[in-house]
Amino acid sequence: MPRKIIFDTDPGQDDAVALLLALASPEEVEVLGVTAVAGNVPLDLTAKNARIVCELAGRPDLPVHAGCDAPLARRLVTAENVHGATGLDGIDLRPPAMPLAETHAVDFIIETLRGEPSGSVTLVAVGPLTNIATAFDRAPDTVPRVQEIVIMGGAYFEVGNVTPAAEFNIYVDPEAAKLVFDSGAALTVMPLDVTHKALTSRDWVEGMRALGTRVGEAVASWTDFFERYDKAKYGNLGAPLHDPCAVAWLIRPELFSGKRVNVEIETAGEFTAGMTVADWWGVTGKAANCLFVNEVDRDGLFAMLTERLARLGQKPG
Ligand code: BDR
Ligand code: CA
C-alpha cells in the first residue's frame, strides 16, 4: 500500500525534483494534493511553479492549493539569489493551464487529516512550515492524526546556509517550526547535515539530459542553474538535492541513517533565530522529538532518482 502524502512546498528547483520523484513513485507514495507556501519566492510564484511541475509530470489532475503568503510573525524572506527570479530558473517552461484548487492549503490539510483514517496521512514539508503550523494551531485535533511529518530543514554540525546559524526553511518561519517541532507528531528531519551529502555529479546531470525527455531536460537545466550558487559558496562540485531527500526517505528509508534527538527551535536569538538546536549528545535530558538524519548512501540515492525520473517519459517539445 502506498503511503498517502500531502506535499507542502515552495518550488524551487529542488522542490520540483522532489515532487517529480513522488509522482514517479506510485508504488510507495500516493500524492493526495500539493500545498504551496511562500518561501523561495512569493506565494503567487510557488503556487504557479507547483502547477508547472504537475503538468510536466503529466498530472494536471492533481489538486494544487495556495496557502500562507507570509510567515506567522515575520516579514517574508525569499531566496531569488539561489533559485532565480521565477524560483524555477534554468529552463523556460510553459505557464500552467491547470487552475489552482479553490480550497486554501490550510483548509485542505485540515480536511484531509480529518477525512482520512487517523494515522494514514504523511506530511512532506520542504518549505517553511507556515501552512502546517497554521493547520495545527487552528485544528489541534489533526495533530495526532498525522502518520509522520518528513521535514527538509535545519542543520546542526553543518550550521546555517542563510545565516551562520540557520537553514533557510526554518529561518523563514521559526515560530511555525517551533510549533511543529513541539507538536508531538512523529518527525523525520532531513537537515543540511545530510542534504549537503546529496550532491549531483556531472555524470548524473548529463544522464538526466540523455534521457531525452522533457523531465530529464528540465531536471538537468534546473540543477545546472542551482549548482552555481553552492559552487560559489562552498566550492562544491554539484547541486545539493535537499528536498528530494524527504521523498526518498519514504521510498527507500534504508538509504538514510540518523539519530533520535531533541531539537529546539531558536526564535529569540539575536544572531541565531531559526537555528535547530539539536541535543546530539543528550546533555539536556529532554526526550527526543525527531529522527535527525545525517547520513545517506549517495550513490544509491542517485541511482534511484535516475530510475524513477526516467519513468516520466514525455519527449522534448
Ligand atoms: C531549502 O531551502 C530552499 O532554498 C530549498 O528549496 C530547500 O528546501 C534548503 O535550505
Ligand atoms: Ca524547498
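This section reports on the structure supplied with the text. (Residues numbered from 1 in each chain as written. Chains lettered and ligands numbered in written order. Predicted model: local features only at pLDDT ≥ 70, side-chain atom pairs only at ≥ 80, totals over all residues. Heavy atoms only, no water.)

### A word on the coordination of the calcium ion (ligand 2)
Which entries qualify depends on this criterion: Ligating atoms shown are N, O and S within 2.8 Å of the metal, or 3.2 Å for Na, K and Ca, and water is not included, meaning a site may look less than complete. The helix count covers DSSP runs of H or I at least four residues long, the strand count covers runs of E at least two residues long, and both are numbered beginning at the N terminus. Whether a residue is buried, partly exposed or exposed follows from its accessible area with a 1.4 Å probe, protein chains only, as a fraction of its type maximum: under 20%, in between, or over 50%, in that order.
Only D10 (OD), D15 (OD), D15 (OD), V126 (O) and D243 (OD) from the protein reach the calcium ion (ligand 2) as donors, at distances of 2.3 to 2.6 Å. Mapping the donors of the calcium ion (ligand 2) onto the primary sequence yields the spacing D-x4-D-x110-V-x116-D. Of the two residues, D10 sits in the loop between strand 1 (3-9) and helix 1 (13-23) while V126 sits in the loop between strand 4 (121-125) and helix 5 (130-138), which places them 116 residues apart along the sequence. Owing to a relative accessible area of 0%, D10 belongs among the buried residues under this scheme.

### Details of the layout of surface pockets
The gaps left among the atoms become clear once a water-sized probe is rolled over them. Rule in force here: Definitions used for this entry: grid spacing 1 Å over protein atoms alone; cavity, a set of points where a 1.4 Å probe fits but cannot get out; pocket, an open set with protein on both sides within 12 Å along at least 5 of 7 lines; lining residue, one with an atom within 4 Å of a point. Grid points are joined across faces, edges and corners, and a volume is the space filled by probe spheres set on the points.
Estimated volume of the largest pocket: approximately 300 Å³. Lining the largest pocket are 25 residues, with N40, V82, H83, N161 and F168 sitting closest to its centre. Secondary structure elements with two or more residues in the lining of the largest pocket: helix 1, helix 3 (80-83), helix 6 (168-172), helix 10 (214-234) and helix 11 (242-251). The element contributing the most residues to the lining of the largest pocket is helix 10, with 5 residues. Put simply, the second largest pocket is a space of about 190 Å³. Taken together, K48, N49, I52, T86, L88, D89, G90, I91, D92, L93, R94 and P95 make up the full set of residues lining the second largest pocket.

### Comments concerning a nonpolar patch on the surface
Heads up, the condition is: Patch construction takes residues with relative accessible area above 30% that form no salt bridge. Like charges are linked within 9 Å, and nonpolar side chains (Val, Leu, Ile, Met, Phe, Trp, Tyr) are linked within 5 Å. With residues, only the protein chains shown are counted as cover, and all accessible areas are computed by Shrake-Rupley using a 1.4 Å probe. Salt bridge, as used here, is a side-chain nitrogen of Lys or Arg placed within 4 Å of a carboxyl oxygen of Asp or Glu.
On the surface, a cluster of nonpolar side chains totalling about 420 Å² of accessible area is made up of F157, W281 and V283. Relative to the elements of secondary structure, F157 occurs in the loop between strand 5 (146-152) and helix 6. By relative accessible area, which is 48% here, F157 ends up partly exposed.

### With respect to the site of ligand 1
The line we're drawing: We call a residue near a molecule or strand whenever a single non-hydrogen atom of that residue lies within 4 Å of it. For the purposes of these results, a polar contact is taken to be a pair of N or O atoms within 3.5 Å, where, inside protein, one atom must be able to donate a hydrogen and its partner to accept one; residues adjacent in sequence count only when each atom of the pair is a side-chain atom. Gly counts as polar in this scheme, as do all residues outside two lists: the nonpolar Ala, Val, Leu, Ile, Met, Phe, Trp, Tyr, Cys and Pro, and the charged Asp, Glu, Lys and Arg.
If you check the shell around ligand 1, you find D14, D15, N40, H83, V126, M152, N161, E167, F168, N169, H242 and D243 and nothing else. In the model, an oxygen atom of ligand 1 is placed 2.7 Å from a nitrogen or oxygen of the H83 side chain. Among the secondary structure elements, those contributing two or more residues to the shell around ligand 1 are helix 1, helix 6 and helix 11. Here the residues of the shell around ligand 1 sort into 3 nonpolar, 5 polar and 4 charged.

### Things to note about the packing of aromatic side chains
Selection criterion: Centre distance within 6.5 Å is the pairing criterion for rings of Phe, Tyr and Trp, where only the six-membered ring of Trp is used; planes under 30 degrees apart are then read as stacked, over 60 as edge-to-face, and the remainder as tilted.
Per the counting criterion, the structure on display carries 6 aromatic pairs. With a centroid separation of 5.1 Å and 80° between ring planes, the pair formed by W204 and F302 is classed as edge-to-face. On the criterion of sequence distance, the pair formed by W204 in helix 9 (residues 202-210) and F302 in helix 12 (residues 298-309) is long-range, its members being 98 residues apart. Taken individually, W204 and F302 each receive the classification buried, so the pair is uniform in this respect.

### So, the nonpolar core
Basically, it comes down to this: Only buried residues count toward a nonpolar core. Its members are Ala, Val, Leu, Ile, Met, Phe, Trp, Tyr and Cys residues joined through side-chain atoms within 4.5 Å. The contact criterion used is simple: two residues touch if any of their non-hydrogen atoms lie within 4.5 Å.
Core analysis: the biggest nonpolar cluster contains 60 residues, and F7, L20, W222, F256 and L301 have the highest contact counts within it. The residues contacting F7, other than those within four sequence positions of it, are D15, A18, L19, V31, G33, V34, T35, V124, V126 and V247. Counting 36 residues, the second-largest nonpolar core is a separate cluster that includes A125, A185, A278 and W280.

### Focus on the environment of A198
Looking at the element boundaries, A198 is found in the loop between helix 8 (192-195) and helix 9. Each C-alpha atom of the pair A198 and H242 lies 7.1 Å from the other, and the pair is 44 residues apart in sequence. Ignoring anything within four residues of it in the chain, the contact list for A198 reads A239, P240, L241, C245, L301 and F302.

### Brief notes about the pattern of salt bridges
A complete count under the given rule lists 21 salt bridges for this structure. With a closest N to O distance of 3.2 Å, K197 and E295 form a salt bridge. You can see K197 sitting in the loop between helix 8 and helix 9 and its partner E295 sitting in strand 10 (residues 290-296), a full 98 residues away along the chain. Between R311 and E307 there is a salt bridge; the shortest N-O distance is 3.0 Å. Among the residues examined, R311 registers a relative accessible area of 37% and is labelled partly exposed. For E307, a relative accessible area of 40% gives the class partly exposed.

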